[in-house]
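Chain and residue survey
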Amino acid sequence: MANFFAGHAGGLHGHIINNGALAELMRHPKAMKKLQKELEDVVGLERMVEESDLEKLDYLSMVVKETLRLHPVAPLLAHAATEDCTVNGYHIPKKSYVIINAWAIGRDPSAWTDAEEFIPERFEGSDVDVRGNHYQLISFGSGRRRCPGIQLGLTVVQLMLAQLVHCFDWELPNNMLPEELDMSEAFGITMARVKRLIAIPSYRLHK
Ligand code: HEM
């Protein structure tokens, strides 16, 4: 638990952006270009993206959702049953510890087409959000113990990712090909990349 809250305090946004979104975008150059194009259309290249731009950046929001689906910050959610209940025919006595595998739910092939693939477009025209209303995507948990920092968390992640992708082009080192990027993660209370992402930025704004 200490890890979980330490992650919340500091490293969480960095984890989602560096380990998840930026790495996925570098592995999927078409998605990277599409996001840069959206940012160019909405913001231009003469200024940096600001928080007030976020509501117009639909593809950015899809990229963040898809990242949270594949790379949840908290893969396992730990809860306790406050009363006897039955889930899918299983009797769960009061006071049982219940561990919910959000990582597996995000990759469940019965809930997601091409579940292992990074496809932000899957959220186009879909009402599935990350706020705990849709049980196939519980990046912030659900119910009364869901994350109270959802709005702040989403805003920070979207703004930081938008600025990184808008201000810079990103390259892999040593002529590494996108498909060679190792996305292995170490499973735990929080998820971390097995191999650190090394990415080389070059500035692309006019100012
Ligand atoms: C994108 C960023 C974030 C993600 C993905 C995230 C995710 C989560 C998850 C999965 C839980 C567990 C929910 C459950 O057990 O059902 C949680 C709990 C919590 N989060 Fe976050 N969080 C984020 C940002 C934040 C921020 C910015 C704050 C505070 C400013 C925050 C404060 C908390 C607190 C206090 C809890 C415990 C809630 C409780 O047990 O009742 N989180 N978060």
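On a predicted model such as this, the values are computed, not experimentally measured, just so you know.

1. Re the pattern of salt bridges
With the rule as written, the count across this model stands at 10 salt bridges. A salt bridge links lysine 34 to glutamate 121; the nearest nitrogen and oxygen atoms lie 2.9 Å apart. Within this pair, whereas lysine 34 is found in helix H2 (residues 29-43), its partner glutamate 121 is found in the loop between helix H4 (102-106) and helix H5 (150-167), the two being separated by 87 residues in sequence. Here aspartate 41 and lysine 37 are joined by a salt bridge, their closest N and O atoms 2.8 Å apart. Note that aspartate 41 and lysine 37 are positioned in helix H2 at a spacing of 4 residues, about one turn of the helix. By relative accessible area, which is 54% here, aspartate 41 ends up exposed. Classification of lysine 37 by relative accessible area gives partly exposed; the value is 47%.

2. Looking at the UniProt feature "binding site: heme" (unreviewed entry) in the protein
Under the UniProt annotation, the feature "binding site: heme" (unreviewed entry) is placed at Cys147. Tracing the chain through its elements places cysteine 147 in the loop between H4 and H5.

3. A few points about the nonpolar core
Leu25, Leu35, Leu39, Leu161 and Val165 are the most contacted members of the largest nonpolar core, which has 45 residues in total. For this core, the elements supplying multiple residues, two or more each, are helix H1 (2-27), H2, helix H3 (58-70) and H5. Ranked by the residues each element gives to this core, the list is headed by H1, at 8 residues. Apart from the residues lying within four places of it in its own chain, the contact partners of leucine 161 are Ile17, Ala21, Leu22, Leu25, Leu60, Val63 and Val64.

4. What to know about the confidence of the model for the protein
Predicted coordinates in areas of low pLDDT are best not read in detail. Overall, the prediction assigns the protein a mean pLDDT of 90, with 90% of residues at 70 or greater. At the level of individual helices and strands, the protein shows its lowest average pLDDT in strand S7 (residues 192-193), which scores 70, and its highest in H2, which scores 98. Two numbers describe this predicted complex: its pTM, 0.92, and its ipTM, 0.98.

5. Here's the deal with H5
Across its 18 residues, H5 extends 25 Å between first and last C-alpha, which sits within 8% of the 26 Å expected from 1.5 Å per residue. Of the positions making up H5, those classed as buried are Ile150, Gly153, Leu154, Thr155, Val157, Gln158, Leu159, Leu161, Ala162, Val165, His166 and Cys167.

6. Focus: empty space enclosed by the protein
Here the structure, examined in full by the defined rule, presents 1 cavity of 30 Å³ or more. There is about 50 Å³ of room inside the largest cavity. Together, Leu68, Arg69, Pro72, Ala102, Ile105, Gly106, Gln136, Leu137, Ile138 and Ser139 line the largest cavity. Taken together, the residues that form the lining of the largest cavity break down as 6 nonpolar, 3 polar and 1 charged.

7. Things to note about the packing of H3 against H5
Interhelical geometry of H3 versus H5 gives an angle of 115° and a closest axis separation of 10 Å. One element, H3, and the other, H5, form an angle in the roughly perpendicular class. Judged by the sense of rotation from one axis to the other, the crossing of H3 with H5 is right-handed. Every residue of H5 that contacts H3 at Leu60, Ser61, Val63, Val64 and Leu68 is listed here: Leu154, Val157, Gln158, Leu161 and Ala162. Here the residues of the contact of H3 with H5 sort into 8 nonpolar, 2 polar and no charged.

8. Brief notes about the packing of H2 against H3
The relative placement of two packed helices is expressed as an angle between their axes plus a distance between the axes. Running from N to C, H2 and H3 point in directions that differ by 145°, and their axes come no closer than 8 Å. From H2, Ala31, Lys34, Leu35 and Glu38 reach across to H3, where they touch Asp58, Tyr59, Leu60 and Val63. Residues belonging to the contact of H2 with H3 are distributed by class as follows: 5 nonpolar, no polar and 3 charged.

9. Thoughts on the environment of lysine 94
As for its placement among the helices and strands, lysine 94 is situated in the loop between strand S3 (90-92) and strand S4 (97-101). Along the backbone, lysine 94 and glutamine 163 are 69 residues apart, and their C-alpha atoms lie at a distance of 47 Å. The residues contacting lysine 94, other than those within four sequence positions of it, are Ala81, Thr82, Glu83 and Asp84.

Calculation notes
- Residues numbered from 1 in each chain as written.
- Predicted model: local features only at pLDDT ≥ 70, side-chain atom pairs only at ≥ 80, totals over all residues.
- Heavy atoms only, no water.
- Salt bridge = Lys/Arg side-chain N within 4 Å of Asp/Glu carboxyl O.
- Helix = DSSP H or I, 4+ residues; strand = E, 2+ residues; numbered from the N terminus.
- Buried < 20%, exposed > 50% of the residue type's maximum accessible area, 1.4 Å probe, protein only.
- UniProt positions renumbered as here; feature names shortened; annotations may be inferred.
- Core = buried A, V, L, I, M, F, W, Y, C linked by side-chain atoms within 4.5 Å.
- Contact = heavy atoms within 4.5 Å.
- pLDDT = per-residue confidence, 0-100.
- Expected span 1.5 Å × (residues − 1).
- 1 Å grid on protein atoms, 1.4 Å probe; cavity = no way out; pocket = protein on both sides within 12 Å on 5 of 7 lines; lining within 4 Å.
- Points joined across faces, edges and corners; volume = space filled by probe spheres on them.
- Nonpolar A, V, L, I, M, F, W, Y, C, P; charged D, E, K, R; others polar.
- Axes fitted to C-alpha atoms, helices over the stretch in contact; angles between N-to-C directions.
- Parallel < 35°, antiparallel > 145°, perpendicular 65-115°, else oblique.
- Left-handed = near helix turned anticlockwise from the far one by under 90°.

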